[in-house]
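Spelled out, the chains give:
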Amino acid sequence: MDLGIKGKWALVCGASKGLGFGCAQALVAEGVNVVLVARGAQDLHTAVETLSAEARGASVIGVAADITLADGRAAALSAPNGPGTAFDIVVTNAGGPPPGDFREWEREAWIKALDANMLTPIELIKATVDGMAQRGFGRIVNITSGAVKAPIDILGLSNGARSGLTGFVAGVARSPLAGQGVTVNNLLPGAFETDRLKVTFAASASKTGRSVDELADARRKTIPAKRFGTSQEFGAICAFLCSVHAGYITGQNVLADGGAYPGTF
Ligand code: NAP
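Right, let's walk through the structure included here. (Residues numbered from 1 in each chain as written. Predicted model: local features only at pLDDT ≥ 70, side-chain atom pairs only at ≥ 80, totals over all residues. Heavy atoms only, no water.)

**Let's talk about the site of the ligand**
Right, on to step 1. Around the ligand, the structure places 29 residues, and the nearest of them are Ser16, Leu19, Arg39, Ala94 and Thr194.
Right, on to step 2. A distance of 2.6 Å separates an oxygen atom of the ligand from a polar atom in the side chain of Ser16.
Right, on to step 3. For the ligand, whose free accessible area comes to 890 Å², the fraction covered by protein is 89%.
Right, on to step 4. Counting residues per element, the ones that place at least two in the shell around the ligand are helix 1 (18-29) and helix 6 (195-208). (Near = heavy atom within 4 Å. Polar contact = N/O pair within 3.5 Å; in protein donor to acceptor, adjacent residues only side chain to side chain. Areas by Shrake-Rupley, 256 points an atom, 1.4 Å probe, with all protein chains shown as cover. Helix = DSSP H or I, 4+ residues; strand = E, 2+ residues; numbered from the N terminus.)

Set out below in structure tokens:
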């Protein structure tokens, strides 16, 4: 299926690895010009090289910046040789907050989580949607988490900050932007095989004394699909939400979790 977005410009945040990279890769495969953002210059360089080799004529640009900071966002939005703020597609993403006990989180920990997982996506939406509306086409996809639907107690910072974003998106997606060709959706990963998942297992292994493989196997057994998702699968869903065919999907929370969420809806 031709997604009809060849030649568009996308800003993909948190894109040197994992789910963000999967989204960038799927967009590049559709001929979309992509600006990738991540903090670590080395991994970003590798990602840009990989995608440039796969791009047939599309531009692939890396911006080494912290997207949770105002100057990082400014650098991303005005990437040299990029489109300026005239992005047609924005995929928001940053690392998730650390797990822990809510009794130990002071105001600073909450502000950091809100900055990364709620206010940064909102700032990026604010900077780009009016231009999208003027041009009659725009796609925002926020990478959030399955924990928005099924909260996990030790991920309280994530549950709280991402729920705030989810509420904001539910409103803005149904604003006049919806009649101007701009869609805003959230994409909710369950367990995907990325560095983040490996770090989580390594942390539990050192706490429990069980091996990483044992913990990963036990987790896989809890998922009806009996496996973790891949970044490629995640990217393909993102690219579809960014496509011309998804213009009637807005304000939705699209869960990709191999059936792990047990509810009917
Ligand atoms: P990952 O493999 O660790 O990749 C994260 C990417 O984001 C890297 O490219 C990282 O590069 C970049 N990044 C992190 N913080 C950034 C910042 N402040 N500014 C710019 N770039 C930043 O993680 P992932 O598994 O793809 O997860 C992506 C998101 O999905 C996270 O919010 C995570 O909590 C959420 N999630 C993941 C899963 C899962 O199973 N994988 C499940 C539920 C939710 P640098 O570190 O170099 O900046």
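**What about the packing of aromatic side chains?**
Right, on to step 1. Evaluation of the coordinates by the stated rule reveals three aromatic pairs.
Right, on to step 2. Taken together, a centroid distance of 5.8 Å and an interplanar angle of 90° make the contact between Trp105 and Trp110 edge-to-face.
Right, on to step 3. Measuring from ring centre to ring centre gives 5.3 Å for Phe192 and Phe234, while their planes differ by 80°; the resulting arrangement is edge-to-face. Of the two residues, Phe192 sits in the loop between strand 6 (182-189) and helix 6 while Phe234 sits in helix 8 (residues 231-241), which places them 42 residues apart along the sequence. When sorted by exposure, Phe192 lands in the same class as Phe234, which is buried. (Phe/Tyr/Trp six-rings, centres within 6.5 Å; stacked < 30°, edge-to-face > 60°. Buried < 20%, exposed > 50% of the residue type's maximum accessible area, 1.4 Å probe, protein only.)

**A short note on the environment of Gly7**
Right, on to step 1. Along the chain, Gly7 turns up in the segment before strand 1 (9-13).
Right, on to step 2. A relative accessible area of 46% places Gly7 in the partly exposed class.
Right, on to step 3. On a C-alpha basis, the gap between Gly7 and Val32 in space is 5.1 Å, while along the polypeptide they are 25 residues apart.
Right, on to step 4. For Gly7, the residues in contact, after removing those within four places along its chain, are Gly31, Val32 and Asn33. (Contact = heavy atoms within 4.5 Å.)

**Focus on the nonpolar core**
Right, on to step 1. In terms of nonpolar packing, the biggest core is built from 36 residues, with Ile5, Val12, Leu27, Val34, Leu36, Ile89 and Val91 touching the most fellow members.
Right, on to step 2. Elements with a contribution of two residues or more to this core: strand 1, helix 1, strand 2 (33-38), helix 2 (41-54), strand 4 (89-92), strand 5 (138-143) and helix 8.
Right, on to step 3. By residue number, the principal contributor to this core is helix 1, which donates seven residues.
Right, on to step 4. Setting aside its immediate chain neighbours within four residues, Val34 contacts Ala10, Val12, Ala24, Leu27, Val28, Ser59, Val60 and Ile61. (Core = buried A, V, L, I, M, F, W, Y, C linked by side-chain atoms within 4.5 Å.)

**Considering the pairing of strand 6**
Right, on to step 1. Counting buried positions along strand 6 gives eight out of eight residues, so the element sits mostly inside the fold.
Right, on to step 2. The alternating pattern of strand 6 places Val182, Val184, Asn186 and Leu188 on one face and Thr183, Asn185, Leu187 and Pro189 on the opposite face, and all of these are buried.
Right, on to step 3. In terms of strand pairing, strand 5 meets strand 6 through six bridges, oriented parallel. Opposite Arg139, over in strand 6, you have Thr183 as the bridge partner.
Right, on to step 4. Handedness of the crossover joining strand 5 and strand 6 through helix 5 (residues 156-172): right-handed.
Right, on to step 5. Relative to strand 7 (residues 253-256), strand 6 is paired through four bridges, and the arrangement is parallel. Residue pairing in the sheet places Leu187 in a bridge with Val254 of strand 7. (Pairing = 2+ DSSP bridges. Right-handed = clockwise from strand over helix to strand, strands pointing away.)

**Some words on the packing of helix 6 against helix 7 (residues 212-221)**
Working note: a packed helix pair is described by the angle between its axes plus the distance between those axes.
Right, on to step 1. At a minimum axis distance of 9 Å, the contact between helix 6 and helix 7 shows a crossing angle of 115°. Helix 6 and helix 7 meet at a crossing whose hand is right-handed. Along its contact with helix 6, which presents Leu197, Phe201, Ala202, Ser204, Ala205 and Thr208, the element helix 7 presents Val212, Leu215, Ala216 and Arg219.
Right, on to step 2. Of the residues in the contact of helix 6 with helix 7, the class split is seven nonpolar, two polar and one charged. (Axes fitted to C-alpha atoms, helices over the stretch in contact; angles between N-to-C directions. Left-handed = near helix turned anticlockwise from the far one by under 90°. Nonpolar A, V, L, I, M, F, W, Y, C, P; charged D, E, K, R; others polar.)

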